Amino acid sequence: MPTQSKPSKIAGKTNPKSKIQNRKSTTPKSPKAANPKSKIENPKWYTSPERLQKIFVELDALFPKPECALLHENPFQLLVATILSAQCTDERVNKVTPGLFRKWPTPRDYVGLPQDELEKEIHSTGFFRNKAKNIIGAATRIVNEFGGLTPRTMEELLSLPGVARKTANVVLGTAYGIAVGAVVDTHVFRITHRLKLSQAKTPEKVEEDLMRLVPQARWVSFSHQLILFGRKICFARKPLCAECPLATLCDSPDKTI
Ligand code: SF4
């Protein structure tokens, strides 16, 4: 996922003490938005069900089949691509990964791989030393602890080097179709604030707000829709508000009309 503004806050590793990250069950509690008292109890993230429904309708019309833009053929490749996408565009990652996966397609190929060899392959994605170290570390743990299979639970994914909640949500939601949370990248963070779906200061708290507001069945697709919406219309700078179907629902100070 690209990170254009405040990348370190959005894409960085989550606080290990985060309440949401340490949640033991992979089945989150039901969203509380349906409770009418929520407006009073949680004024910071409340939006009316009617307004939320209108947002869903417009996003469904704009992006009926939202998908992850990172090229991959299996969960491990998506994990690697997502690690590479930190503070880098998906376009750049997609230029690197086809060659990378031709050379080293499986977790076992990375066990014992000299870090400098991998660094050369992924150099153009930025932060290549850290990313190479994390990819080798994650692949090694996948082989040694998980029999070579990329984990399917949040807890196990978070035990891999370089994997924070955002990356784990991408892998679980896109590769396995498991909705454990909502992906909060720089686009999702910005747009949830503009649409007043959250006023939280951290991606972890924004995710908690989205999990309360949005039905679980929409967690994966809604994140993809917001990411696409941020790439095509609601840009960080100079959003295309005149073309935005959500304009009547938006009173963001960033609005340009
Ligand atoms: S009106 Fe502008 S700022 Fe508001 S959601 Fe649409 S593009 Fe974004």
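Residues numbered from 1 in each chain as written. Predicted model: local features only at pLDDT ≥ 70, side-chain atom pairs only at ≥ 80, totals over all residues.

**Q** How should the overall build of the protein chain be read in this particular structure?
**A** Scanning the protein chain from terminus to terminus reveals 12 helices and zero strands. The order of α-helices and β-strands along the protein chain, N terminus first, is α-α-α-α-α-α-α-α-α-α-α-α. With 257 residues in all, the protein chain has 39% of them scored as buried. In the protein chain, once contacts between residues fewer than 6 apart in sequence are set aside, the share between residues at least 24 apart is 64%. (Helix = DSSP H or I, 4+ residues; strand = E, 2+ residues; numbered from the N terminus. Buried ≥ 20, exposed ≤ 12 C-beta atoms within 10 Å, placed from the backbone. Contact = placed C-beta atoms within 7 Å.)

**Q** Got a minute to help me understand the site of the ligand in this structure?
**A** The local shell around the ligand holds 14 residues, among which Cys234, Pro239, Cys241, Cys244 and Cys250 are the closest. Here the shell around the ligand is built from residues that sort into 10 nonpolar, one polar and three charged. (Near = placed C-beta within 6 Å. Nonpolar A, V, L, I, M, F, W, Y, C, P; charged D, E, K, R; others polar.)

**Q** Just checking my understanding: could you explain the environment of Val163 for this structure?
**A** The residue Val163 is located in the loop between helix H8 (154-158) and helix H9 (165-175) in this model. Separated by 80 residues in the primary sequence, Val163 and Ile83 have C-alpha atoms spaced 7.2 Å apart. Dropping the residues within four chain positions of it, Val163 is found in contact with Ala138, Leu157, Leu158 and Ala168.

**Q** I'm lost on the packing of helix H4 (residues 75-84) against helix H5 (residues 90-103) in this one. Help?
**A** Their axes nearest at 10 Å, the elements H4 and H5 cross at an angle of 140°. With respect to H5, the axis of H4 lies oblique. Seen along the crossing, H4 lies across H5 with a hand that is right-handed. Judged by residue contacts, Gln77, Ala81 and Leu84 of H4 engage Val93, Val96, Thr97 and Phe101 from H5. (Axes fitted to C-alpha atoms, helices over the stretch in contact; angles between N-to-C directions. Parallel < 35°, antiparallel > 145°, perpendicular 65-115°, else oblique. Left-handed = near helix turned anticlockwise from the far one by under 90°.)

**Q** Sorry, what's going on with the packing of helix H6 (residues 115-122) against helix H7 (residues 128-146) here?
**A** Each pair of packed helices gets described by two things: the angle between the helix axes and the distance between those axes. Between H6 and H7, whose axes approach to 9 Å, the crossing angle comes to 120°. Classified by the angle between their axes, H6 and H7 sit oblique to one another. In this structure, the crossing between H6 and H7 has a hand that is right-handed. Between H6 and H7, the residues in contact are Gln115, Leu118, Glu119 and Ile122 and Phe128, Arg129, Lys131, Ala132, Lys133, Ile135 and Ile136, respectively. Grouping the amino acids of the contact of H6 with H7 by side-chain chemistry returns six nonpolar, one polar and four charged.

**Q** Just to check I follow, could you spell out the nonpolar core for this structure?
**A** Soluble globular proteins: nonpolar side chains tend toward being buried together. Leu84, Ile135 and Ala182 are the most contacted members of the largest nonpolar core, which totals 56 residues. Split by domain, the residues of this core number at least three in each of domain 1 (17-66 + 183-249) and domain 2 (75-175). Excluding residues that lie within four positions of it along the chain, Ala182 makes contacts with Asn169, Glu207, Leu210, Met211, Val214, Trp219, Phe222 and Ser223. (Core = buried A, V, L, I, M, F, W, Y, C linked by C-beta atoms within 7 Å. Domains from an automatic or database assignment.)

**Q** Please explain the confidence of the model for the protein chain as it appears in this structure.
**A** Where the model shows low pLDDT, its predicted coordinates should not be examined in detail. On average, the protein chain scores 87 in pLDDT, and the residues at 70 or more come to 82%. Contacts for the low-pLDDT stretch residues 1-44, under 50 throughout, to residues beyond four places or in other chains number 65 contacts. (pLDDT = per-residue confidence, 0-100.)

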